[in-house]
Amino acid sequence: TSTLVNAVADLQIGLTASVPQSELGQTVTFTATSTNGGPSDAQNVVLSITLSPDFRYGSHTASAGAVCTTPQIGNSGVISCTWAGATAPGVVRTLAVDAASFSPGTSSIQAATSSDTTDPVPTSNNVASVSVLVGNPVEPIPTLSQWGLVLLSLLVGLIGVALLRRD
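Below is a summary of the structure that appears in this document. On a predicted model such as this, the values are computed, not experimentally measured, just so you know. (Residues numbered from 1 in each chain as written. Predicted model: local features only at pLDDT ≥ 70, side-chain atom pairs only at ≥ 80, totals over all residues. Heavy atoms only, no water.)

### Re the overall build of the protein chain
For the record, the criterion: Only DSSP runs of H or I with at least four residues qualify as helices, and only runs of E with at least two residues qualify as strands; both kinds are numbered from the N terminus onward. The reference for a compact globule is 2.2 Å times residues^0.38; the radius of gyration itself is calculated from the C-alpha atoms. Contacts are residue-level and defined by heavy atoms, with any inter-residue pair within 4.5 Å sufficient. With residues, only the protein chains shown are counted as cover, and all accessible areas are computed by Shrake-Rupley using a 1.4 Å probe.
When helices and strands are counted, the protein chain shows one helix and ten strands. Put simply, the protein chain runs from its N terminus to its C terminus through helices and strands in the order β-β-β-β-β-β-β-β-β-β-α. Against the 2.2 N^0.38 benchmark of 15 Å for 167 residues, the protein chain shows a C-alpha radius of gyration of 27 Å, more extended than a compact globule. For the protein chain, restricting intrachain contacts to residue pairs at least 6 apart in sequence, the fraction spanning at least 24 positions comes to 72%. Total accessible area computed for the protein chain in this model is approximately 9900 Å², and 59% of it derives from carbon and sulfur atoms.

Here it is in structure tokens:
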């Protein structure tokens, strides 16, 4: 007798941004993770991050064994990494992309994961997105320390006394 075994691997994705909002030109790191929830090995796992047209690719880092394709530095597009062979259940593959935006507004970044192995939940947990609000730098309002306030109060008081004596 022979038994046919259907391999299935439930890949699950996570996507985060290093900051929820950034200044124009500030580097933001987008980190995507692909976890094999099993029960079988996932063959040839692919993990990709798609930058919106507002964000420009700077660099990337991927977990060991990845072969990646990227847009040219300074362009938007898709950063895609493949881990050839088997990814065992419980193993996490990671892709981190550094990018910056020079356009104000909210931008949505997308990530996706897949493999050659059948995924029992192929759509709901294989894609993710994260939004980042990009704007102009905010100038901090100068403040005085406690001693600065005391000295300022004394100065104002002395000026007031001087004005009263003059009259």
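### A look at the state of the cysteines
In protein structure, a disulfide is the covalent linkage between the sulfur atoms of two cysteines. Note the cut-off: The rule for a disulfide is simple: a pair of cysteine sulfur atoms within 2.5 Å. The classification of residues rests on relative accessible area computed with a 1.4 Å probe and restricted to protein chains. Under 20% of the type maximum is buried, over 50% is exposed, and intermediate values are partly exposed.
Enumeration over the complete set of coordinates arrives at one disulfide. Across the disulfide, Cys-68 is cross-linked to Cys-81 (sulfur-sulfur distance 2.0 Å). Linking Cys-68 and Cys-81, the disulfide has an S-S dihedral of approximately 105° and is accordingly described as right-handed. Taken as a pair, Cys-68 in strand β6 (residues 67-69) and Cys-81 in strand β7 (residues 78-87) lie far apart in primary sequence, 13 residues in all. Residue classification places Cys-81 among the buried residues on the basis of a relative accessible area of 0%.

### Thoughts on the packing of aromatic side chains
The criterion, for reference: Only Phe, Tyr and Trp rings take part, Trp by its six-membered ring, and two of them pair if their centres are within 6.5 Å. Stacked means planes under 30 degrees apart, edge-to-face means over 60, and tilted covers everything else.
Tallied over the entire structure, the rule returns one aromatic pair. For the pair Phe-30 and Phe-55, a centre-to-centre distance of 5.2 Å together with 90° between the ring planes defines the contact as edge-to-face. Residue Phe-30 is located in strand β3 (residues 27-39), and its partner Phe-55 is located in strand β5 (residues 55-62); the two are separated by 25 residues in the primary sequence. A relative accessible area of 0% means that Phe-30 is categorised as buried. The class of Phe-55 is buried, set by a relative accessible area of 0%.

The quantities given are spatial measurements derived from coordinates; they are silent on function.
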